[in-house]
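Secondary and tertiary structure notes
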Amino acid sequence: MQNIGTGRGNTLIAIVYHSAYGHTRRQAEAVRSGVEDVDGAEALLVPVESVDQNWDRLTGAEALIFGTPTYMGAASAAFKAFQEATSGAVMSKGYLWKDKLAAGFTNSGAHAGDKLSTLIQLALFAAQHGMHWVNLDLPPGNNSASGSDADPNRLGFWLGAGAQSNTDEGPDTAPPDSDLATARHLGQRVAKTALQFARGRDAASAAVRAAS
Ligand SMILES: Cc1cc2nc3c(=O)[nH]c(=O)nc-3n(C[C@H](O)[C@H](O)[C@H](O)COP(=O)(O)O)c2cc1C
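We now turn to the structure provided with this report. In this text, all values refer to a predicted model and were calculated from it rather than measured experimentally.

Looking now at the packing of aromatic side chains. Tallied over the entire structure, the rule returns nine aromatic pairs. For the pair Phe66 and Phe79, a centre-to-centre distance of 6.3 Å together with 70° between the ring planes defines the contact as edge-to-face. Of this pair, Phe66 sits in strand β3 (residues 63–71) while Phe79 sits in helix α3 (residues 77–91); the two residues are 13 residues apart in sequence, bridging distant segments of the chain. This pair shows no difference in class: Phe66 is buried, exactly as Phe79 is. The interplanar angle of 45° and the centroid separation of 6.1 Å between the aromatic rings of Phe66 and Phe82 together place this pair among those described as tilted. Placement of the pair is Phe66 in strand β3 and Phe82 in helix α3, with a sequence separation of 16 residues. Residue class for Phe66 comes out buried when judged on its relative accessible area of 0%. Following the ring pairs from residue to residue traces out a cluster consisting of Trp55, Phe66, Phe79, Phe82, Trp97 and Phe125.

Following this line, the structure appears as structure tokens:
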């Protein structure tokens, strides 16, 4: 299993995602790039189709970032099946994800597209597991006379990263670079926060040992 502290190896950040047509996969890969930008962090990309081979690695991660397309104003059915599978594979085995960090991203065809509903669903899912939600922390873009679609966070989400893919474009050209930059920012933020948590836990343990 992957080490999750510091000084004993990299801090593992897992990205669990679904993508039927490849657009959300582009977003997931951008999140992975953001994680890899941070020294001491390591990314693991897990499509929901291969989650059964990765439960142990997910349990060894410091943070889990969830990603799904928005279908019918919610997470896709394949992602929902993964969520439900965690009841038996994670919760009933003793809340194995408690106190990990969590964050989320979603992509859809319309600019709004009811993506907020999906992000809320992901945050609730994390709360059910006793995880700590990490938000996007990027000011909303494209909200002024000088703004444009090239701005990071052009879709204006706070809870997680949003992306929009034109429905007549393939994943080679959609979502646009600004949405991929937003996703990359989320990966960086989660990785930095995970290192703070891991280092804080290590320091707290050392203080307890020194006092005893
Ligand atoms: C069944 C279905 C439902 C969809 N529902 C929505 C929706 O509620 N809002 C929206 O903006 N786009 C919706 N779309 C468009 C997808 O979100 C969009 O094509 C997205 O890029 C697909 O991501 P993927 O390539 O990762 O599967 C829907 C697409 C499908 C197939």
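That covers the picture; the talk isn't over yet.
Near the ligand, the surroundings consist of 17 residues, among which Ser19, His23, Thr24, Tyr71 and Met72 are the closest. Here Gly22 contributes a backbone N or O atom positioned 3.2 Å from an oxygen atom of the ligand. At a separation of 2.7 Å, an oxygen atom of the ligand approaches a polar side-chain atom of His23. Notes on the ligand: free accessible area 640 Å², of which the protein chains cover 77%. Mapped onto the shell around the ligand, the elements with two or more residues apiece are α1 (23–36), β3 and β5 (101–108). If you tally residues by element for the shell around the ligand, the top one is β3, at three residues. Classifying every residue of the shell around the ligand by side-chain character gives six nonpolar, eleven polar and no charged.

This next bit is on the packing of α3 against helix α4 (residues 115–128). For any two helices packed against each other, the geometry comes down to the angle between their axes and how far apart the axes lie. Packing of α3 against α4 leaves a shortest axis separation of 12 Å and a crossing angle of 5°. Considering the angle they form, α3 stands roughly parallel to α4. Along the contact surface, α3 presents Phe79, Lys80, Phe82, Gln83, Thr86 and Met91, while α4 presents Gln121, Leu122, Phe125 and Gln128. Residue composition of the contact of α3 with α4, grouped by class: five nonpolar, four polar and one charged.

Conventions we followed
- Residues numbered from 1 in each chain as written.
- Predicted model: local features only at pLDDT ≥ 70, side-chain atom pairs only at ≥ 80, totals over all residues.
- Heavy atoms only, no water.
- Phe/Tyr/Trp six-rings, centres within 6.5 Å; stacked < 30°, edge-to-face > 60°.
- Helix = DSSP H or I, 4+ residues; strand = E, 2+ residues; numbered from the N terminus.
- Buried < 20%, exposed > 50% of the residue type's maximum accessible area, 1.4 Å probe, protein only.
- Near = heavy atom within 4 Å.
- Polar contact = N/O pair within 3.5 Å; in protein donor to acceptor, adjacent residues only side chain to side chain.
- Areas by Shrake-Rupley, 256 points an atom, 1.4 Å probe, with all protein chains shown as cover.
- Nonpolar A, V, L, I, M, F, W, Y, C, P; charged D, E, K, R; others polar.
- Axes fitted to C-alpha atoms, helices over the stretch in contact; angles between N-to-C directions.
- Parallel < 35°, antiparallel > 145°, perpendicular 65-115°, else oblique.
- Contact = heavy atoms within 4.5 Å.

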